[in-house]
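A look at the structure
These are the residues of each chain, in order.
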Amino acid sequence: MELAVFGATGDTGRELTAQAGNRGHDIRALTRSPASFSTGSAITIIQGNVLDPEAVSATVEGVDAVCCLLGRTQNNPDDIVSRGTAHIVTAMERHCVERLVVLTSMGLGGSMCTVPWYVRLANATVLADLMADKARQEEQVMQSELDWTIVRPGGLTDEPRTGEYVHGVDVDVNAGPIPRADVAEFLLWVLENEQYVHEAPSLTTERDIDIPFLWDQATGVVQRLAGR
Ligand SMILES: NC(=O)c1ccc[n+]([C@@H]2O[C@H](COP(=O)([O-])OP(=O)(O)OC[C@H]3O[C@@H](n4cnc5c(N)ncnc54)[C@H](OP(=O)(O)O)[C@@H]3O)[C@@H](O)[C@H]2O)c1
């Protein structure tokens, strides 16, 4: 299939585009920094910002499906994720592209009650801004006429793919660490097999959340927000 990817230069995005390419999918990626892609990669790159509706429209036109992996990185307003997603939804409706898969976070919507208390505390304090933006993003997607799926992962790591993860709507799991490679694999499975249409599954592992993992997560978030 031809797949438009937003956030293809990010840590999950690089995994997803690599795996999608290996599975024979064609990728169109909107990016502010085309140099991030290795030369020779079989990706159609559209240089631009997701805050520019015309650039988003040019990325989406003619594709079979869209995958949104946007995150708040440097040189962005606080509401980058919801504003960018609004442009994506509008462009998809304009070009009659129906299938949208979006990566958000565990702790949103119905998954709030399944995450441990310290994740709820972090979401309500240091991550409050970020989570409010993602909550708006989820609302926009759910209110659209699209065939959407919202995937809510636990804490992302850069470990290799394991293939060992759990997913489901309202599954009783904590926000255990999950490699981005596994997340990418799951997102492609959802897209290829038309799974979870109009649903928001959580995606995580049954691994324990230990102190080093929490420390990595907390410092990662602080660094990202400080570098904004
Ligand atoms: N870290 C975690 O543990 C965790 C846990 C659960 C969920 N999540 C969520 O999962 C998603 C993916 O995470 P990640 O760590 O893989 O993402 P990431 O590395 O932060 O990548 C974010 C992507 O969004 C793109 N982007 C940001 N602003 C843009 C703009 N104005 N125009 C075009 N592209 C823009 C970035 O491109 P540029 O290179 O141009 O900035 C980058 O490709 C995020 O929504 C994140 O919040 C993360």
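Let us look at the structure shown here. Every chain's residues receive numbers from 1 upward, in the order its sequence appears when written. Local features in this predicted model are restricted to residues of pLDDT 70 or higher, and side-chain atom pairs are both shown and tallied only at a pLDDT of 80 or more, whereas totals for entire chains, interfaces and linings draw on every residue. Working from all heavy atoms in the structure, the side-chain values ignore hydrogens and water.

As a further point, take the environment of Thr31. Counting from the N terminus, the helices are DSSP H or I runs at least four residues long and the strands are E runs at least two residues long. Inspection of the secondary structure assignment puts Thr31 in strand E2 (residues 26-31). In this structure Thr31 touches Thr9, Phe37, Ile45, Ile46, Gln47 and Gly48, once residues within four positions along its chain are discounted. Any two residues whose heavy atoms approach within 4.5 Å are treated as being in contact.

Relative to the assigned elements, Arg28 resides in strand E2. Buried charge without a salt bridge: Arg28, with Glu2 as the nearest opposite-charge side chain at an N-O distance of 4.3 Å. Counting of polar contacts relies on pairs of N or O atoms within 3.5 Å, with two restrictions inside protein: one atom must be capable of donating a hydrogen and the other of accepting it, and residues adjacent in sequence are counted only when both atoms are side-chain atoms. Separated by 2.7 Å, the side chain of Arg28 and the backbone oxygen of Ala58 make a polar contact. In contact with Arg28, not counting residues within four places along its chain, are Glu2, Leu3, Ala4, Val5, Thr44, Ile46, Ala58, Thr59, Glu61 and Val63. Throughout, exposure labels follow a simple rule: accessible area from a 1.4 Å probe, protein chains only, divided by the maximum for the residue type, with under 20% read as buried, over 50% as exposed, and the rest as partly exposed. All tallies of charge rest on Lys and Arg as positive and Asp and Glu as negative; His and the ends of each chain are not included. By definition here, a salt bridge exists when the distance from a side-chain nitrogen of Lys or Arg to a carboxyl oxygen of Asp or Glu is within 4 Å.

Next up on the list: the pairing of E2. Within E2, five of the six residues are buried, which leaves it mostly tucked inside the rest of the structure. Across five bridges, strand E1 (residues 2-6) lies against E2 in parallel orientation. By the bridge assignment for E2, Ala4 is matched with Arg28. The definition of a right-handed crossover adopted here requires that, viewed with the strands pointing away, the path from the first strand over the helix to the second runs clockwise. Since E1 and E2 lie parallel, the crossover through helix H1 (residues 11-22) that links them has a hand, and here it is right-handed. Summarising the sheet, E2 and strand E3 (residues 43-47) pair through five bridges and their orientation is parallel. In the strand pairing of E3, Arg28 is matched with Thr44. Two strands make a pair as long as DSSP finds a minimum of two bridges between them.

This part covers the pattern of salt bridges. In this structure the tally under the stated criterion is 12 salt bridges. Arg14 is paired through a salt bridge with Asp11; the nearest N and O atoms lie 2.8 Å apart. Taken together, the residues Arg14 and Asp11, both in helix H1 and three residues apart, mark about one turn of the helix. The exposure class of Asp11 is partly exposed, given its relative accessible area of 29%. Here Asp133 makes a salt bridge to Arg136, at a shortest N to O gap of 3.7 Å. Taken together, the residues span about one helical turn, with Asp133 and Arg136 both in helix H5 (residues 128-143) at a distance of three residues. You can call Asp133 buried: its relative accessible area is 2%.

Right, let's get into the packing of H1 against helix H6 (residues 180-192). Orientation is described by axes fitted as lines to C-alpha atoms, over the contacting stretch for helices, and by angles from 0 to 180 degrees between their N-to-C directions. In the contact formed by H1 and H6, the axes pass within 8 Å of each other and the chain directions differ by 55 degrees. Here H1 lies oblique to H6, going by the angle between them. Relative to H6, the crossing made by H1 is right-handed. Contacts from Asp11, Thr12, Glu15, Leu16, Gln19 and Ala20 in H1 reach Arg180, Ala181, Val183, Ala184, Glu185, Leu187 and Leu188 in H6. In this classification, the charged set is Asp, Glu, Lys and Arg, the nonpolar set is Ala, Val, Leu, Ile, Met, Phe, Trp, Tyr, Cys and Pro, and all remaining amino acids, among them Gly, are polar. Of the residues contributing to the contact of H1 with H6, the split by class is seven nonpolar, two polar and four charged. Roughly parallel refers to an angle under 35 degrees, roughly antiparallel to one over 145, roughly perpendicular to one between 65 and 115, and oblique to any angle outside these ranges. Two helices crossing with the near one rotated counterclockwise from the far one by less than a right angle form a left-handed crossing, whereas a clockwise rotation gives a right-handed crossing.

As a further point, take the sheet that holds strand E5 (residues 99-103). Strand order across the open sheet formed by eight strands is E3-E2-E1-E4-E5-E6-E10-E8, with mixed pairing between neighbours. Strand pairing shows two members of the sheet lacking a second neighbour, E3 and strand E8 (166-168), which therefore form its edges. Neighbour-to-neighbour, the strand axes of the sheet open up by a mean angle of 20 degrees, direction not taken into account.

For the rest of this paragraph, the subject is helix H3 (residues 80-94). A helix's residues, less one, multiplied by 1.5 Å, set its expected span. Taking 1.5 Å of rise per residue, 15 residues should cover 21 Å, and H3 covers 21 Å from first to last C-alpha, within 8% of that figure. Listed as buried for H3 are Ile80, Val81, Ser82, Gly84, Thr85, Ile88, Val89, Ala91 and Met92. For H3, the elements touching its buried residues are E1, helix H2 (53-60), strand E4 (65-68), E5 and H5. Positive backbone phi, approximately 55 degrees, marks Cys96, located one or two places after H3.

Its location among the elements puts Ala184 in helix H6. Between the C-alpha atoms of Ala184 and Thr12, which are 172 residues apart in sequence, the distance is 6.5 Å. Excluding residues that lie within four positions of it along the chain, Ala184 makes contacts with Glu15, Leu16 and Gln19.

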